[in-house]
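Residue-level listing of the chains:
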2 protein chains.
Amino acid sequence: MAKEFIVTPWNVSGDVDYKRLINEFGIKEIDGPLLKRIKKITGELHPFLRRNIFFAHRDLNWILDEYEKGNKFFLYTGRAPSGHTHLGHLVPWIFTKWIQEKFNVNLWFQFPDEEKFLFKENLTLKDTEKYTYENMLDVIAVGFDPKKTKFLIDTKNANLMYKEALKVAKKINFSNVKAAFGLNNESNIGIIFYTAMQAVPAFLPSVLAKKNIPCLIPHAVDQDPHFRLSRDVVGKLGYYKPASIQCRFLPALQGSSGKMSASMEKTAIYTVDNEKIVAKKINKYAFSGGRDTIEEHRRLGGIPEKDIAYQWLNFFEEDDKKLVKIYHDYKSGKLLSGELKAILIDKINNMLKKHQKNREKAKKQLDKFIIKG
Amino acid sequence: MAKEFIVTPWNVSGDVDYKRLINEFGIKEIDGPLLKRIKKITGELHPFLRRNIFFAHRDLNWILDEYEKGNKFFLYTGRAPSGHTHLGHLVPWIFTKWIQEKFNVNLWFQFPDEEKFLFKENLTLKDTEKYTYENMLDVIAVGFDPKKTKFLIDTKNANLMYKEALKVAKKINFSNVKAAFGLNNESNIGIIFYTAMQAVPAFLPSVLAKKNIPCLIPHAVDQDPHFRLSRDVVGKLGYYKPASIQCRFLPALQGSSGKMSASMEKTAIYTVDNEKIVAKKINKYAFSGGRDTIEEHRRLGGIPEKDIAYQWLNFFEEDDKKLVKIYHDYKSGKLLSGELKAILIDKINNMLKKHQKNREKAKKQLDKFIIKG
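Residues numbered from 1 in each chain as written. Chains lettered and ligands numbered in written order. Predicted model: local features only at pLDDT ≥ 70, side-chain atom pairs only at ≥ 80, totals over all residues.

Caption draft 1: The arrangement of the overall build of chain A in detail. Across its full length, chain A holds 18 helices and nine strands. Taking 2.2 N^0.38 as the reference for a compact globule, 373 residues should give roughly 21 Å; the C-alpha atoms of chain A span a radius of gyration of 21 Å, in line with that estimate. Across its three principal directions, the C-alpha atoms of chain A cover 65 × 50 × 50 Å. The buried share among the 373 residues of chain A stands at 50%. Looking at chain A alone, contacts between residues at least 24 apart form 76% of all its contacts between residues at least 6 apart. (Helix = DSSP H or I, 4+ residues; strand = E, 2+ residues; numbered from the N terminus. Rg over C-alpha atoms; globule rule 2.2 N^0.38 Å. Buried ≥ 20, exposed ≤ 12 C-beta atoms within 10 Å, placed from the backbone. Contact = placed C-beta atoms within 7 Å.)

What follows is the structure in structure tokens.
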């Protein structure tokens with residue numbers, strides 16, 4: 001019997017079956033021929049593509065068709081501020097940065113600072129304002145090109161966005177959002193309306209440029225219901241339906257169920273965590289695929305498929321050879337669980353050291369990214 | 001048996017029973033002692049008060065208490081652009097102008113240019129933009145003090161309004177708007193959210209001034225469901241609950257059912273109609289309370305209570321003595337239906353002549369009223 005799991009923009013729980021998700025959401029698997037096609041343009045494949053972390057898409061072949069005809073797309077992704085950025089958030093951003101570089105395209109990065117305020121009883125707009133600032137630093141730290149990247153903050157850029165959201169909202173009814181997001185009669189009218197705001201960056205650049213520009217949205221797969229709902233609407237408004245490319249969730253430290261949650265301290269490592277905290281969290285909480293005793297581990301070997309330290313290295317160790325060696329050493333029992341965790345701690349702390357340095361510099365770069373209006 | 005009628009912000013039909021409305025909406029009648037209290041401050045009573053056209057209120061005594069303590073209120077009213085302004089729209093504006101003058105207070109005038117776009121299938125945002133401009137000219141023509149009057153246009157002032165609307169929206173759910181406005185699962189998510197935007201001007205001046213200021217909303221009674229819903233919410237946000245004062249509808253030319261509709265040409269006279277059109281509409285369409293033949297009319301007399309020309313004079317002939325004379329002359333049969341219509345035509349054309357002159361001047365005054373931001 002299939003295990004139960006839930007994937008909506010506001011709730012991811014259970015053991016996610018990505019094969020089933022592909023069918024249920026009506027997205028397409030990224031297969032060999034498509035990877036080959038991307039590689040022909042980019043010269044190399046990002047590890048997230050090689051390792052099937054970005055695993056599904058909508059209309060990606062069409063985006064490449066247009067690109068090859070000289071009709072460049074723009075990228076759109078985002079972050080709903082409700083807490084500090086964790087490593088799971090970085091996954092689509094790192095990939096988006098790679099796409100920006102390889103295809104030399106513009107990025108519109110949305111900060112829907114109302115979404116989590118509307119969804120979470122105790123979160124205030126003061127909180128989301130603070131986290132918008134903190135999250136912006138993290139986005140900049142990933143290394144986006146300031147000349148080709150614009151930040152859209154829903155409450156601050158409402159003069160640009162609200163009018164466009166209305167055009168979307170007129171074509172979506174309550175039954176639609178009930179079905180797509182599991183909302184009900186007790187849902188507040190803000191969260192009911194919200195999906196219209198999330199649709200806007202998919203066509204706002206076309207509105208502003210007064211010409212139709214293809215849009216590609218890299219995102220974690222839980223956001224798909226928004227775009228499933230708004231794709232057709234955006235099409236009816238006379239713009240290209242946005243294409244998308246979807247990634248899996250970085251598993252929580254405790255195990256592979258669901259995704260990391262920014263609101264549950266122990267399941268996540270934050271970009272602002274220091275070296276000691278990183279080491280402590282991984283050593284203490286990262287679910288191990290190792291055996292009960294060293295002797296047993298040497299004899300039977302670890303189980304990388306169940307081991308969170310290994311799973312995380314699968315996301316963040318870009319060197320395939322190193323990763324394969326770790327896999328075999330762990331599986332054969334040569335590498336102990338504590339040693340594997342030490343490799344991960346080292347990897348993450350190196351990443352974060354660089355990230356935190358960039359994050360400090362970002363404080364002076366904000367003006368280059370934020371749009372007025 | 002009571003006749004059926006409907007009064008919601010988007011549908012007024014049937015013979016409105018204002019006594020029943022007072023009970024159903026939970027508003028209060030404006031009675032003798034309250035009129036006396038107003039007169040003590042204003043020196044005189046506006047005909048709309050003397051004639052019970054503004055007939056109900058919420059918390060008006062509290063507004064006067066605060067006023068007498070030196071805690072001045074601000075006024076808030078509005079117009080959702082979907083067509084040209086007709087005489088029915090002018091009724092609350094004329095009264096609001098009188099209040100502004102007599103109490104020397106500020107007015108925030110909202111143009112929710114999304115409301116009718118969301119509600120009417122074929123209305124575009126281009127249409128509502130055009131009518132926002134046209135309607136603004138009419139509002140200015142009424143004679144508001146440019147130093148004390150600010151226009152809020154929802155799509156153009158969204159940077160000021162959207163964030164505040166979110167605070168309201170978080171506290172209203174789908175069940176609430178279903179009950180208040182008769183929305184259903186097929187209602188679009190824009191119109192579901194909209195009431196939050198209509199609540200904003202009731203406390204935005206307090207937000208901007210960083211102090212709590214009482215708010216009085218003069219409006220036609222069909223708008224009450226919005227404020228019934230948002231009053232408590234605004235209170236919970238820490239601002240004064242808005243008070244309100246409600247007027248009856250100027251009846252449609254064809255008869256006293258429902259209200260004038262800007263979208264039904266024959267039921268209304270527009271502020272842009274010329275003298276000939278006014279005469280033609282009144283002569284052709286105004287429902288008459290006169291008799292079938294002149295001889296019968298002289299013998300039995302007319303019925304002013306059923307006569308639209310008389311009903312309209314009850315709104316627009318400010319001189320009580322003149323109005324009483326017309327009433328008796330018509331009821332006695334001395335004044336014929338055609339003669340009564342001629343009096344109304346003259347009255348309306350004089351009003352509109354002055355209005356249209358002001359409307360032309362208004363084109364150069366827009367900048368004084370529109371707020372940036």
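Caption draft 2: Up close: the confidence of the model for chain A. Summarising the model, chain A shows a mean pLDDT of 95, and 97% of its residues fall at 70 or more. For this predicted complex, the interface score ipTM comes out at 0.94, alongside a pTM of 0.95. (pLDDT = per-residue confidence, 0-100.)

Caption draft 3: How the structure looks around the packing of helix 15 (residues 308-316) of chain A against helix 17 (residues 337-362) of chain A. Residues and elements named next belong to chain A. Close contact between helix 15 and helix 17 brings their axes to 9 Å; oriented N to C, the two are set at 35 degrees. Remark: the crossing between helix 15 and helix 17 carries left-handed chirality. Two secondary-structure elements touch here, helix 15 through A309, Y310, W312, L313 and F316 and helix 17 through L340, K341, I343, L344, K347, I348 and M351. Looking at side-chain class alone, the contact of helix 15 with helix 17 contains ten nonpolar, no polar and two charged residues. (Axes fitted to C-alpha atoms, helices over the stretch in contact; angles between N-to-C directions. Left-handed = near helix turned anticlockwise from the far one by under 90°. Nonpolar A, V, L, I, M, F, W, Y, C, P; charged D, E, K, R; others polar.)

Caption draft 4: Structural detail: the relation of the copies chain B and chain A. Mapping chain B onto chain A leaves a residual RMSD of 0.0 Å; the transformation is a rotation of 180 degrees accompanied by 0.0 Å of translation along its axis. Such a turn and shift between the copies fits a two-fold axis. Mapped onto chain A, 100% of the interface residues of chain B again fall at the interface, so both copies present the same surface. (Least-squares fit on C-alpha atoms with pLDDT ≥ 70 in both.)

Caption draft 5: Local environment of the sheet that holds strand 7 (residues 149-153) of chain A. Read from one edge of the open sheet, seven strands run 3-4-9-8-5-6-7 (chain A), paired in mixed fashion. The open sheet terminates on both sides in strands that have one partner only, identified here as strand 3 (28-29) and strand 7 of chain A. (Pairing = 2+ DSSP bridges.)

Caption draft 6: Structural view of the domain arrangement of chain A. All names here are of chain A. When the domains of chain A are assigned, the result is domain 1 (5-254) and domain 2 (273-360). Look at where the C-alpha atoms of domain 1 and domain 2 centre, and you get two points 30 Å apart. Of the residues forming the side of domain 1 that touches domain 2, the biggest block, three residues, is contributed by helix 7 (residues 125-141). Here the residues of the side of domain 1 that touches domain 2 sort into eight nonpolar, two polar and two charged. (Domains from an automatic or database assignment.)

Caption draft 7: Fine view of the interface of chain B and chain A. Residue-level contacts link 27 residues of chain B with 27 residues of chain A. When residues in the side of chain B that touches chain A are grouped by element, the largest group, six residues, is from helix 8 (residues 158-169) of chain B. Residues belonging to the side of chain B that touches chain A are distributed by class as follows: 14 nonpolar, eight polar and five charged.

Caption draft 8: Seen up close, helix 10 (residues 189-199) of chain B. Within helix 10 of chain B, eleven of the eleven residues are buried, which leaves it mostly tucked inside the rest of the structure. Within helix 10 of chain B the residues assigned to the buried category are I189(B), G190(B), I191(B), I192(B), F193(B), Y194(B), T195(B), A196(B), M197(B), Q198(B) and A199(B).

Caption draft 9: Summary view of the pairing of strand 6 (residues 107-111) of chain B. Residues and elements named next belong to chain B. With five of five residues buried, strand 6 lies mostly within the body of the structure. Both faces of strand 6 are covered, namely the face carrying L107, F109 and F111 and the face carrying W108 and Q110. With four bridges connecting them, strand 5 (residues 74-78) and strand 6 associate as parallel partners. In the strand pairing of strand 6, Y76 is matched with W108. At this point the chain moves from strand 5, through helix 5 (residues 87-103), to the parallel strand 6, and the crossover so formed is right-handed. Taken together, the five bridges between strand 6 and strand 7 (residues 149-153) define a ladder with parallel strand orientation. Looking across to strand 7, one finds that W108 is bridged to K150. (Right-handed = clockwise from strand over helix to strand, strands pointing away.)

Caption draft 10: Examining the pairing of strand 7 of chain B more closely. Judged by how many residues are buried, strand 7 of chain B sits mostly within the fold: five of five residues are covered. Side chains T149(B), F151(B) and I153(B) project from strand 7 of chain B onto one buried face, and the interleaved K150(B) and L152(B) project onto a second face that is buried too.

Caption draft 11: Molecular detail of the packing of helix 7 (residues 125-141) of chain B against helix 17 (residues 337-362) of chain B. Residues and elements named next belong to chain B. At a closest axis distance of 8 Å, the pairing of helix 7 and helix 17 adopts a crossing angle of 115 degrees. Relative to helix 17, helix 7 is oriented so that their crossing is right-handed. The residues of helix 17 that touch helix 7, namely those facing L137, D138, I140 and A141, are H355, N358, R359 and A362. Considering only residue class, the contact of helix 7 with helix 17 consists of four nonpolar, two polar and two charged.

Caption draft 12: Focus on the sheet that holds strand 9 (residues 243-247) of chain B. Taking strand neighbours across the sheet as the criterion, the seven strands line up as 3-4-9-8-5-6-7 (chain B) in an open arrangement whose pairing is mixed. Each of the sheet's edge strands pairs with one partner strand only, and the pair in question is strand 3 (28-29) and strand 7 of chain B.

Caption draft 13: Inspection of unusual backbone geometry at higher detail. The phi angle at N104(A) is positive, at roughly 55 degrees, despite the residue not being glycine. Relative to the helices and strands, N104(A) resides in the loop between helix 5 (87-103) and strand 6 (107-111). Backbone geometry places N52(B), a non-glycine residue, at a positive phi of 65 degrees.

Caption draft 14: Structural view of the environment of Y239(B). All names here are of chain B. Among the structural elements, Y239 can be located in the loop between helix 12 (224-236) and strand 9. Residue Y239 is classed as partly exposed on the basis of its 19 C-beta neighbours within 10 Å. Separated by 104 residues in sequence, Y239 and I343 have C-alpha atoms that sit 47 Å apart. Once you skip the residues sitting within four places of it in the chain, Y239 turns out to touch F203, S206, N212 and V234.

Caption draft 15: Region of the structure containing the environment of F249(A). Relative to the helices and strands, F249(A) is located in the loop between strand 9 (243-247) and helix 13 (275-285). It is 6.6 Å that separates the C-alpha atoms of F249(A) and A220(A), two residues lying 29 residues apart in sequence.

Caption draft 16: Quick peek at the environment of E318(B). All names here are of chain B. Looking at the element boundaries, E318 is found in the loop between helix 15 (308-316) and helix 16 (320-332). Take E318: there are 14 C-beta atoms within 10 Å of it, and that puts it in the partly exposed class. Separated by 121 residues in the primary sequence, E318 and M197 place their C-alpha atoms 35 Å from one another.

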